[in-house]
Amino acid sequence: MNINDRSMFLFRDAPVSKAVFSNIIPSIISMLMVMFYNLADTVFIGQTRDALMVTAVSLATPVFLLFMAIGMLFGIGGTSFISRRLGEGDYQSARHASSFCFWSGTVIGIISMIGIMIFAEGVAKGVGASEDSLYYTKQYLTIVALGIPFLIVSNAFSNIIRAEGYPKIAMAGMIVGNLVNILLDPVMILMFGWNVAGAAIATVLGNVVSAVFYLLHLINKKSMLSIRPKDYTLRRSISLGVFAIGIPASLNSVLMSTSNIVINKVMAGYGDMAVAGLGVAMKVNTITVMLLIGIGIGVQPLLGFCFGARMRKRYIAVLRFTLIVATITSFIMTFVCYTFAGPLVEFILEEPAAYSYGFEFSRVYILSGPVIGLLFVMINAIQSTGAMIPSLILSLSRQGIIYYPVLILFTSYYDTAKMAAMSQPVTDYIAAALAVILFILTFRKYFPKRRSID
């Protein structure tokens with residue numbers, strides 16, 4: 001059995017528990033590394049004891065969520081398309097899709113890099129930078145812009161490589177890139193005294209290393225995928241196949257970024273310390289969110305393969321087992337993050353006013369914990385079927401058509417920073433219920449028993 005046969009065996013024939021854990025554990029580790037990577041800049045900038053620098057990094061983060069969303073477009077869209085094609089045995093379309101994702105993402109990244117570098121000050125003001133935090137926000141944006149092409153490629157292929165049955169390689173790429181960033185942060189921020197600029201440089205180098213790692217795998221003969229220009233195609237079946245799921249997935253990230261910008265502006269009405277506290281609370285909440293996103297993203301290629309191969313019973317068994325794992329994890333992490341919110345926030349922020357906001361917001365945000373696992377597994381289960389409309393509805397809902405009315409309602413009736421933050425967990429409960437309904441409807445439509453081989 002060659003290496004490709006072994007990876008397909010895991011998808012097709014391995015015991016459900018082994019197949020699920022083999023896919024979600026590397027994904028969880030990858031997401032935790034992303035969490036540490038995202039925390040690193042804030043933690044080490046926090047050690048400067050300058051809350052304005054923490055504010056700058058918090059304000060700049062949503063901007064780069066937009067470019068991570070582009071990577072998500074090609075990564076999640078490509079993963080869904082490629083895993084289904086591999087399940088059908090259509091390896092040529094999988095190679096075309098891989099090349100399409102690589103070259104399209106790279107070109108968009110280069111154009112975006114140039115745009116951010118030219119308009120950094122306008123972007124900084126647009127995300128809510130005050131006169132006091134403008135300098136640091138602009139500086140961080142300008143430098144990190146250099147890594148945008150690498151950011152898009154690494155985010156895309158950390159997902160796509162899982163589709164061909166190499167979750168450990170996908171994990172390793174995230175680990176090496178994030179370790180570079182984490183290890184360089186204290187050196188460049190504290191030892192060299194480069195502060196915000198040091199954090200930005202470390203971030204760029206981490207993205208470069210991660211992208212190069214994936215490129216080395218993709219040019220290796222053991223990979224079933226391709227980034228060769230000759231395999232690039234804009235053929236409708238390929239591009240639409242990727243975009244059908246990629247656009248809804250990326251819209252979710254775009255709206256997440258947009259909603260972060262909006263809530264930052266709302267918090268700015270309560271002062272820079274409220275913005276800093278919210279940024280830290282989001283980082284603390286990320287501990288739970290990233291872990292559960294890892295479960296959802298990790299199982300999607302397995303579900304997609306089962307869907308493409310019309311293995312209905314195995315699909316249901318995989319989904320059921322994953323939901324059990326995600327639910328148990330959700331409750332454990334909710335307890336941990338709620339109980340230890342104080343020490344986690346204090347590790348980053350010591351300024352009393354900022355700490356007070358950070359502690360309060362952290363306990364508000366983690367109220368979503370019990371349903372976050374269900375939500376992300378359902379999102380990825382829908383994406384595994386290639387159903388565009390349900391994916392689009394769900395993506396527009398969580399950080400858009402549900403979130404904004406809730407935010408407006410809460411800020412209109414309760415003029416407090418805490419109630420503004422409360423809009424997120426309320427939205428998450430509504431979105432989780434909607435996700436379950438949409439999945440049931442999608443599964444019944446796209447995966448009827450009469451079309452199953454088992």
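All values derive from a computational prediction rather than experimental measurement.

Time to look at the overall build of the protein. If you tally the helices and strands in the protein, you get 18 helices and zero strands. Taken over C-alpha atoms, the radius of gyration comes to 21 Å for the protein, in line with the 22 Å a tight globule of 454 residues would show. Its C-alpha atoms give the protein principal-axis dimensions of about 60 × 45 × 35 Å. Looking at the 454 residues of the protein, the share that counts as buried comes to 60%. In the protein, 84% of the contacts between residues at least 6 apart in sequence involve partners at least 24 apart. Element-wise, carbon and sulfur atoms account for 69% of the exposed surface of the protein, whose accessible area totals about 17200 Å².

All right, on to the environment of I295 then. Position of I295 among the secondary structure elements: in helix 11 (residues 272-308). Setting aside residues no more than four positions away along its own chain, I295 makes contact with I24, I28, T322, V325, A326, T329 and V377.

If a probe the size of a water molecule is rolled over the atoms, the empty space left behind becomes visible. Applying the stated criterion to the full structure yields three cavities of 30 Å³ or more. If you trace the second largest cavity, you find 13 residues lining it, with S154, N155, M174, N178 and N207 closest to the centre. Here the lining of the second largest cavity takes four residues from helix 8 (residues 167-191), the largest share from any one element. A class-by-class count of the residues in the lining of the second largest cavity yields five nonpolar, eight polar and no charged.

So, about the pattern of salt bridges. Evaluated as defined, the whole model comprises six salt bridges. Between D13 and R12 there is a salt bridge, and its shortest N-O distance comes to 3.1 Å. Salt bridges here are not isolated pairs; linked through shared partners, they connect E121, K125 and K138.

The subject of this paragraph is the packing of helix 17 (residues 403-413) against helix 18 (residues 417-446). Across the interface, helix 17 lies against helix 18 with an axial gap of 8 Å and an inter-helix angle of 145°. For the crossing formed where helix 17 meets helix 18, the hand is right-handed. From helix 17, Y403, V406, L407, F410 and T411 reach across to helix 18, where they touch M419, A420, M422, S423, Q424, V426 and T427. Split into classes, the residues belonging to the contact of helix 17 with helix 18 amount to eight nonpolar, four polar and no charged.

Let's shift gears to the packing of aromatic side chains. Aromatic ring pairs: the centre-centre distance and the angle between the two ring planes describe each pair. The final tally for this structure, using the stated rule, is 19 aromatic pairs. Between Y135 and Y136, the ring centres sit 5.5 Å apart and the planes meet at 65°, which makes this aromatic pair edge-to-face. Following the ring pairs from residue to residue traces out a cluster consisting of F307, Y315, F439, F443 and F447. A cation over a ring is seen here: R363 above Y338, with NZ or CZ 4.1 Å from the ring centre.

As a further point, take the nonpolar core. Ranked by internal contacts, the top residues of the largest apolar core, which has 139 residues, are I82, F157, I263, M267, I295 and Y315. For this core, the element with the highest residue contribution is helix 11, accounting for 22 residues. Not counting residues within four places of it along the chain, the set of residues in contact with I82 comprises A94, A97, S98, I160, A163 and L225.

With respect to the helices and strands, F119 occurs in the loop between helix 4 (91-118) and helix 5 (120-126). Residue classification places F119 among the exposed residues on the basis of a relative accessible area of 56%. Taking the C-alpha atoms as reference points, F119 and T142, separated by 23 residues in sequence, lie 8.8 Å from one another.

Attention shifts here to the side chain of N207. Examined against the element boundaries, N207 turns out to sit in helix 9 (residues 195-218). Looking at N207, the relative accessible area reads 7%, which means it is buried. Here N207 is in contact with Y37, G147, F150, L151 and S154, once residues within four sequence places are set aside.

A few words on unusual backbone geometry. Excluding glycine, a negative phi dihedral is what most residues carry, and trans is how most peptide bonds are arranged. Of note, N195 is a non-glycine position whose phi angle comes to about 50°, a positive value. In this structure, N195 sits in helix 9. We classify N195 as partly exposed; its relative accessible area is 25%. Here R310, not a glycine, exhibits a phi torsion of approximately 60°, which is positive. Structurally, R310 can be placed in the loop between helix 11 and helix 12 (312-339). Since its relative accessible area comes to 14%, R310 is described here as buried.

Thresholds applied
What you see as residue numbers is a count from 1 along each chain, following the sequence as written. In keeping with the predicted nature of the model, local features appear solely for residues at pLDDT of at least 70, side-chain atom pairs appear and are counted solely at 80 or more, and the whole-chain, interface and lining totals rest on all residues. The basis for every side-chain value is the complete set of heavy atoms in the structure, and neither hydrogens nor water enter the calculation. Working definition: helices are DSSP H or I runs of at least four residues, strands are E runs of at least two. Numbering for both runs from the N terminus. Here the globule rule is a power law, 2.2 Å times the number of residues to the power 0.38, and the radius of gyration is based on C-alpha atoms. Summary of the burial criterion: residues with accessible area below 20% of their type's maximum are buried, those above 50% are exposed, and those between are partly exposed, where the area comes from a 1.4 Å probe applied to protein chains only. Residue contacts are counted whenever heavy atoms from the two residues lie within 4.5 Å of one another. In short, Shrake-Rupley with a 1.4 Å probe defines the accessible areas, and a residue's cover is counted only from the protein chains shown. Residues are said to line a cavity or pocket when one of their atoms sits within 4 Å of a point; the points come from a 1 Å grid over protein atoms alone, cavities being sets where a 1.4 Å probe fits but cannot get out and pockets being open sets with protein on both sides within 12 Å along at least five of seven lines. Grid points are joined across faces, edges and corners, and a volume is the space filled by probe spheres set on the points. Residue classes follow a fixed rule: Ala, Val, Leu, Ile, Met, Phe, Trp, Tyr, Cys and Pro count as nonpolar, while Asp, Glu, Lys and Arg count as charged, and any other residue, Gly among them, counts as polar. Put simply, a salt bridge is a Lys or Arg side-chain nitrogen that is within 4 Å of an Asp or Glu carboxyl oxygen. Convention adopted: a line fitted to C-alpha atoms gives each axis, helices being fitted over their contacting stretch, and angles between N-to-C directions are expressed from 0 to 180 degrees. Crossing handedness follows the turn of the near helix against the far one: under a right angle anticlockwise gives a left-handed crossing, and clockwise gives a right-handed one. The rule is short: rings of Phe, Tyr and Trp, with Trp giving its six-membered ring, pair when the centres are within 6.5 Å, and they are stacked under 30 degrees, edge-to-face over 60, tilted in between. Lysine and arginine charges are scored as sitting over a ring when NZ or CZ, respectively, is within 6 Å of the ring centre and within 35 degrees of the ring normal. For this analysis, a nonpolar core means a set of buried residues of the types Ala, Val, Leu, Ile, Met, Phe, Trp, Tyr and Cys, connected via side-chain atoms within 4.5 Å.

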